[in-house]
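# Geometric and topological summary
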Amino acid sequence: MKAVIAEKPSVAREIAALLGATEKKDGYLTGNGYQVTWALGHLVGLAMPEDYGLSGFQKEALPILPAPFLLTVRKVKKDKSYVADGGAVKQLKVIEQVIGRSDSIIVATDAGREGELIFRYIYQYLKCSKPFERLWISSLTEKAISQGFDNLKPGSDFDGLYEAGQGRSRADWLVGINASQALSIAAGRGVYSLGRVQTPTLALICKRYLENKSFTVQKYWQIQLEHRKEFMDFKSISKAKWDERKLADDTLKSIQRKGEATVTAADTKNVSEQPPLLFDLTGLQKEANKKLGLSAEQTLNIAQSLYENKFITYPRTGSKHIPEDMWTEIPGLIRALDAKPSCKEGVAKVKWGRFTKRIVNDVKVTDHHGLLITEKIPLGLAGKEDAIYDMIALRLLESVSHACSKEITDITLQALHYDFSLKGCKILEPGWRVIRGNFSEEDSDPVQELPELRVGDELKIKDAQVLEKKTKPPVLYTEAGLLSAMETAGREIENDAERKVLQGIGIGTPATRAAIIETLFKRDYIRREKKSLLPTDKGLQVYHAVKDKGIADVAMTAEWEMALQKIENNKADAATFLKEMEVYATAITKELLDMAIAKEKHPKLTCPKCKTHALLIRDKVVKCPDETCNWIQFRTICGITLTMPEIENLVKKGKTSLIKGMKSKSGKKFDAYIVMKGNGETSFEFENILYKSK
């Protein structure tokens, strides 16, 4: 009898059906010599400080350096403490019984670092010593699963992957637990969270926000000329910029009197724009955020659903390539796409027999190849699922097409000793861009088509005007922009040697970046404003406290990611990495405990209900300390967090100013005042109608 352990029930059912294990039992399926069961994500994890007998935040107990680390069943919050998750306890018992009745184990958790860790922690927690093999697949189609079972790999082949996952898990514990407790103790009020990856990510957002906020916008003026030749209208812009409007106006008048401009330089070159590679997860998340406004987590969840329904390959990939032996499968996938109406036109545009193999690279394929569709073509998917699927499918069509060839022309004109520039673009061979019909990037200025222009040509000035322009601040991060910054963190490093070493290494992994961003939302460190990510007051407070410390250093975090990759590839020692993390956790704990934190000044407010007690002001609530009165006001209402001045207006004056951009339960945005009645209840006020807010 063999035990098969999958990561989720849905995957277990697919595998069981293929193996002939069709008899349903409580928590597993059995038959044909197999017992197929499943984890429910991380059933087992690292024990928390209280499991070591350390309850609460104790300065004298820091840093906490477990030796050895203990494992415990997943816990959930109940009241003010954490208790074992009943569902996890039950399923773990099932797994233990299944393994007990089996001679060996087949590991079928997701084929990646976290999937490996999920199984190994269960294996270790149950003190199991039975032999195990690894099912390593990138798709849940019958063909892929069958091939995987025909080519099971020794479990020991993945020891490096496990050690990297364990190293990541322990490093996050050491840094997160110690730094969070140290900062909370130093702050003296409230609970703060720091993390090995979440804190440098928060630092990226805060730094960009502060640069944007402190940027001084300056006006400047340029002159634009309009021309016409060979029945084509086109424009040129002055290379000079004027700081004063009057100087630009005076120059304009002089140029208009002259009435013509001369071509002084004409440079034409052919540019070959290579087709894009396949999506990795981060690339898909960036595209979905730009085009559909989806968060990284939403995109991951949709991609995971498509994977579990056998429509796409494994989504948590960091690769954009496929291995050589998969190339023969690509034409079949493209032919299958002809059955999907939204992709039919794109399939008709690919040039059969002339596919480019740019996506083929054995060296650049990591745990999994780039995102591909499978032979199973979906029909009737929900809107967002369909859009994500089409992104992956059309990207495949683009990736096997040839380069887009363009003729780029740079022209310089001279009018009254002032130089003017214009750029032209002519598509010579559309190549991969014909698939969607987009011939330039959506966020770039359109490039005009020009008539033939030679040096010495005289061009009449059809019209001229002064354009008022403004310098632009650094743009606030969108989720797509933040993902790019996390992915290419090494490029932000000023030291050339460090930047070279860390090239291609980011912070976090494609599989974890969405969760990191969501953690920042849950901690109330960041918020969304339209598509932009902005820090909250609490997020800025944390950033100012740690911005000069190693825990906020993008380069240091990227170095840790590089060390984990080396462990995964059996090129570095996990024990050495753990020792280095203990040394770092000790240093950052001392650093945080020794610092003084500027505390937010709160106004003294009296409870509006009992009119007696001074209110307690916390990050998420304002409440009366008297349990009999029990008045409470949540600071976040319909998606908007009330600022301290708004809380003060509400309690003292009974009404806030107009709060804009609140969201109803149906997702509809509205603006309203929040008003307070004499008994302390609050309501919305708009268009002379009152609605109760709590």
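Described in the following lines is the structure provided in the data block. Within each chain, residues carry numbers counting from 1 in the order of the written sequence. Only residues with pLDDT of 70 or above have their local features reported here, since the model is predicted, and side-chain atom pairs are shown and tallied only from 80 upward, although totals for entire chains, interfaces and linings are computed over all residues. To get the side-chain values, take all heavy atoms of the structure and skip hydrogens and water.

### Describing the environment of glycine 20
Every helix listed is a DSSP run of H or I at least four residues long, and every strand listed is a run of E at least two residues long, numbered separately from the N terminus. Tracing the backbone through its elements, the reader meets glycine 20 in the loop between helix H1 (9–19) and strand S2 (23–25). Exposure categories follow from relative accessible area, calculated using a 1.4 Å probe and restricted to protein chains: below 20% of the type maximum is buried, above 50% is exposed, and the middle band is partly exposed. Look at glycine 20 and you get partly exposed, because its relative accessible area is 30%. The spatial distance from the C-alpha of glycine 20 to the C-alpha of glutamate 479 is 44 Å, given a sequence separation of 459 residues. If we ignore the near neighbours within four places in the chain, the residues touching glycine 20 are Gly31 and Asn32. Throughout, a contact is declared for two residues whenever any of their heavy atoms are within 4.5 Å.

### A few points about unusual backbone geometry
Here the bond from leucine 62 into proline 63 is cis, since omega is -5°, no more than 30 degrees from zero. Assignment of secondary structure puts proline 63 in the loop between strand S5 (44–46) and strand S6 (71–73). Each neighbour pair has its own omega, and for alanine 67 with proline 68 the value is 5°, a cis peptide bond. Residue phenylalanine 231 is not a glycine yet carries a positive backbone phi of 65°. Within the element layout of this structure, phenylalanine 231 appears in the loop between strand S12 (219–229) and strand S13 (232–238).

### Points about the layout of surface pockets
The method is simple in principle: a probe with the dimensions of a water molecule rolls over the atoms, and the space it marks as empty is what remains. Within this scheme a cavity is a closed region of a 1 Å grid, computed over the protein atoms alone, that accommodates a 1.4 Å probe without allowing it to escape, whereas a pocket is open but has protein on both sides within 12 Å along at least five of seven lines; lining residues each have an atom within 4 Å of a point. Grid points are joined across faces, edges and corners, and a volume is the space filled by probe spheres set on the points. Within this model, the second largest pocket holds a volume of roughly 1,400 Å³. If you go around the second largest pocket, you meet 42 residues; those closest to its centre are Arg527, Arg528, Glu529, Gly639 and Ile640. Breaking the lining of the second largest pocket down by element, the ones donating at least two residues are helix H6 (198–214), helix H15 (513–522), strand S19 (526–529), strand S20 (532–535), helix H16 (537–546), strand S25 (640–641) and strand S26 (659–663). Classifying every residue of the lining of the second largest pocket gives 13 nonpolar, 10 polar and 19 charged. Residues were grouped as follows: Ala, Val, Leu, Ile, Met, Phe, Trp, Tyr, Cys and Pro as nonpolar; Asp, Glu, Lys and Arg as charged; and all remaining residues, including Gly, as polar.

### Thoughts on the packing of aromatic side chains
Working definition: a ring pair exists when centres of Phe, Tyr or Trp rings (six-membered ring for Trp) sit within 6.5 Å. Plane angles under 30 degrees give stacked, over 60 give edge-to-face, the rest tilted. One pass over the full model with this rule turns up 11 aromatic pairs. Measuring from ring centre to ring centre gives 5.7 Å for phenylalanine 69 and tryptophan 173, while their planes differ by 90°; the resulting arrangement is edge-to-face. Taken together, the positions of phenylalanine 69 in the loop between S5 and S6 and tryptophan 173 in helix H5 (residues 159–187) put the pair 104 residues apart, joining distant regions of the chain. For phenylalanine 69, a relative accessible area of 9% corresponds to the buried category. Note on tryptophan 173: relative accessible area 6%, which makes it buried.

### Examining the sheet that holds strand S9 (residues 104–108)
Whether two strands pair comes down to DSSP finding at least two bridges between them. Taken in spatial order, the seven strands make up an open sheet running S2-S3-S4-S1-S9-S10-S11, and their pairing is mixed. Looking along the sheet, the strands with just one partner apiece sit at the ends: S2 and strand S11 (153–154). Where S9 meets strand S10 (residues 132–134), three bridges bridge the pair, whose relative direction is parallel. Directly across from valine 107, in S10, lies its bridge partner arginine 134.

### Re a negative patch on the surface
On the surface, Asp325, Glu329, Asp362 and Glu375 cluster together into a negatively charged patch. The partly exposed category is assigned to glutamate 375, whose relative accessible area is 42%. Residues qualify for a patch when their relative accessible area is over 30% and they have no salt bridge, like charges being joined within 9 Å and the nonpolar side chains of Val, Leu, Ile, Met, Phe, Trp and Tyr within 5 Å. Surface accessibility follows the Shrake-Rupley procedure with a 1.4 Å probe radius. Residue values consider only the protein chains on display as shielding. Whenever a carboxyl oxygen of Asp or Glu lies within 4 Å of a side-chain nitrogen of Lys or Arg, that contact is scored as a salt bridge. In this count, Lys and Arg are taken as positive residues and Asp and Glu as negative ones, while His and the chain termini are left out. A charge is said to be at NZ when it belongs to Lys, at CZ for Arg, at CG for Asp and at CD for Glu.

### Brief notes about helix H8 (residues 281–292)
Here, expected helix span is obtained from the residue count minus one, scaled by 1.5 Å. Helix length check: H8 (12 residues) gives 16 Å between terminal C-alpha atoms against 16 Å at 1.5 Å per residue, within 8%. Summarising burial for H8: nine of the 12 residues are buried, a large majority. Of all the positions in H8, only Leu281, Thr282, Gly283, Leu284, Gln285, Lys286, Glu287, Ala288 and Asn289 are classed as buried. Close packing links the buried residues of H8 with helix H9 (296–308), helix H12 (383–399), helix H13 (479–487) and H15. The positive-phi residue at the C-terminal boundary of H8 is glycine 293, with phi of around 70°.

### Observations concerning the pairing of strand S4 (residues 34–38)
Put simply, side chains in a regular strand alternate between the two faces of the sheet. Among the five residues of S4, five are classified as buried, and the element is accordingly described as predominantly covered. Bridge count between strand S3 (residues 28–31) and S4: four bridges; the pairing is antiparallel. What sits directly across from tyrosine 28, in S4, is threonine 37.

### Points about the sheet that holds strand S23 (residues 632–634)
An order of S21-S22-S23 is seen for the three strands of this open sheet, with the pairing classed as antiparallel. Both edges of this open sheet fall to strand S21 (616–617) and S23, since each of them pairs with a single strand only. Relative to strand S22 (residues 621–623), S21 is paired through two bridges, and the arrangement is antiparallel. When the bridges of S22 are listed, leucine 616 appears paired with lysine 623.

These values are about where atoms sit, not about what they do.
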